[in-house]
Amino acid sequence: MPDAEPATPRGGRATRAAWLVAGLACLGLGGVGIVVPLMPTTIFVILAAGCFARSSPRLDAWLRTHPRFGPPIRAWQAERAIPARAKRAACMGIALGYGLFWLGARPHWPLALTVAVMMGGCALWIVTRPLPSGAGLP
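Residues numbered from 1 in each chain as written. Predicted model: local features only at pLDDT ≥ 70, side-chain atom pairs only at ≥ 80, totals over all residues. Heavy atoms only, no water.

## Comments concerning the confidence of the model for the protein chain
The line we're drawing: Confidence of the predictor at the level of single residues is given by pLDDT, which spans 0 to 100. The secondary structure listing takes helices from DSSP runs of H or I that are at least 4 residues long and strands from runs of E that are at least 2 residues long, numbered from the N terminus.
Here the protein chain averages 87 in pLDDT, and 88% of its residues register 70 or above. Helix α6 (residues 109-127) holds the highest mean pLDDT among the elements of the protein chain, 96, whereas helix α4 (residues 70-79) holds the lowest, 88.

Rendered as structure tokens:
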């Protein structure tokens with residue numbers, strides 16, 4: 001599948017402004033995730049890319065060509081693929097998050113099981129995404 005083309009912003013000025021604010025907020029949260037343990041980074045950067053595609057061609061292009069964030073974003077947009085390293089990091093973060101939840105909250109078994117199933121489902125979804133083929137990626 002070829003690399004996804006940047007989207008043309010649609011909607012009125014207020015709609016584009018709302019998408020821009022949402023994109024900047026997601027990018028900010030992704031930045032927080034770089035330094036705060038257990039706070040995800042990748043998902044917020046991918047969300048920011050989607051918001052920028054609807055609001056700002058310049059920011060969309062900047063994020064898609066960024067040396068660090070561009071390749072995973074392009075892989076997701078083109079193939080819905082997640083790199084192996086990102087899969088490992090996500091699953092380790094999920095496991096660590098569950099461990100901290102269990103140790104900190106000491107939940108009764110129904111809640112512990114419910115949270116484990118939900119987090120396990122997220123991890124399963126992540127690991128079942130394909131690996132990037134490398135086509136169109138630098």
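Once you've had a look at it, read on.
## Some words on unusual backbone geometry
Cut-off, in case you're wondering: Three labels apply to residues, based on accessible area from a 1.4 Å probe with only protein chains included: buried if under 20% of the type maximum, exposed if over 50%, partly exposed otherwise in between.
Here Arg-80, not a glycine, exhibits a phi torsion of approximately 55°, which is positive. On the secondary structure map, Arg-80 appears in the loop between α4 and α5 (84-105). Residue Arg-80 is classed as partly exposed on the basis of its relative accessible area, which comes to 46%. Even without being glycine, Arg-106 reaches a positive phi, approximately 45°. As for its position among the elements, Arg-106 is in the loop between α5 and α6.

## Some details on the side chain of Arg-64
Basically, it comes down to this: N or O atoms within 3.5 Å of each other form a polar contact, as long as, within protein, one can give a hydrogen and the other can take it, and as long as residues adjacent in sequence are counted only when both atoms are side-chain atoms.
One can find Arg-64 in helix α3 (residues 57-64). Judged by relative accessible area, which is 9%, Arg-64 ranks as buried. There is a polar contact of 2.3 Å between the side chain of Arg-64 and the side chain of Gln-77.

## A short note on the packing of aromatic side chains
Defined as follows: The aromatic pairing rule takes the rings of Phe, Tyr and Trp, using the six-membered ring of Trp, and pairs them if the centres are within 6.5 Å, calling planes under 30 degrees apart stacked, those over 60 edge-to-face and the rest tilted. Counted as over-ring charges are cases with an Arg CZ or a Lys NZ within 6 Å of the ring centre that also lie within 35 degrees of the ring normal.
Across all of its chains, the model carries 2 aromatic pairs by this definition. Here the aromatic rings of Tyr-98 and Phe-101 are separated by 5.8 Å at their centres, their planes lie at 50°, and the arrangement is tilted. You can see Tyr-98 and its partner Phe-101 sitting in helix α5, 3 residues apart, about one turn around the helix. Directly above the aromatic system of Trp-19 lies the positively charged group of Arg-54, at a separation of 5.2 Å from the ring centroid. Sitting over the ring of Trp-102, Arg-106 keeps its end group 4.8 Å from the ring centre.

## Things to note about the environment of Ala-81
What counts here: What makes two residues a contact is simply this: any of their non-hydrogen atoms within 4.5 Å.
By secondary structure assignment, the location of Ala-81 is in the loop between α4 and α5. Take Ala-81: its relative accessible area is 2%, and that puts it in the buried class. Placed 48 residues apart in sequence, Ala-81 and Arg-129 show a C-alpha to C-alpha distance of 5.7 Å. In this view, Ala-81 contacts Ala-75, Trp-76, Pro-130, Leu-131 and Pro-132; residues no more than four positions away in its chain are not counted.

## Concerning α4
When α4 is considered as a whole, its buried residues turn out to be Gly-70, Ile-73, Arg-74, Ala-75, Trp-76 and Ala-78. Where the residues of α4 are buried, they touch α2 (42-53), α3 and α6. Arg-80 lies just past α4 and shows a positive phi near 55°.

## Quick notes on α2
Heads up, the condition is: For a helix, the expected span equals 1.5 Å multiplied by the number of residues minus one.
Taking 1.5 Å as the rise per residue, α2 with 12 residues should run 16 Å; its terminal C-alpha atoms sit 17 Å apart, in good agreement. For α2, every residue scored as buried is listed here: Phe-44, Val-45, Ala-48, Ala-49, Cys-51, Phe-52 and Ala-53. Summarising the contacts, the buried residues of α2 are in contact with α1 (13-35), α3 and α4.

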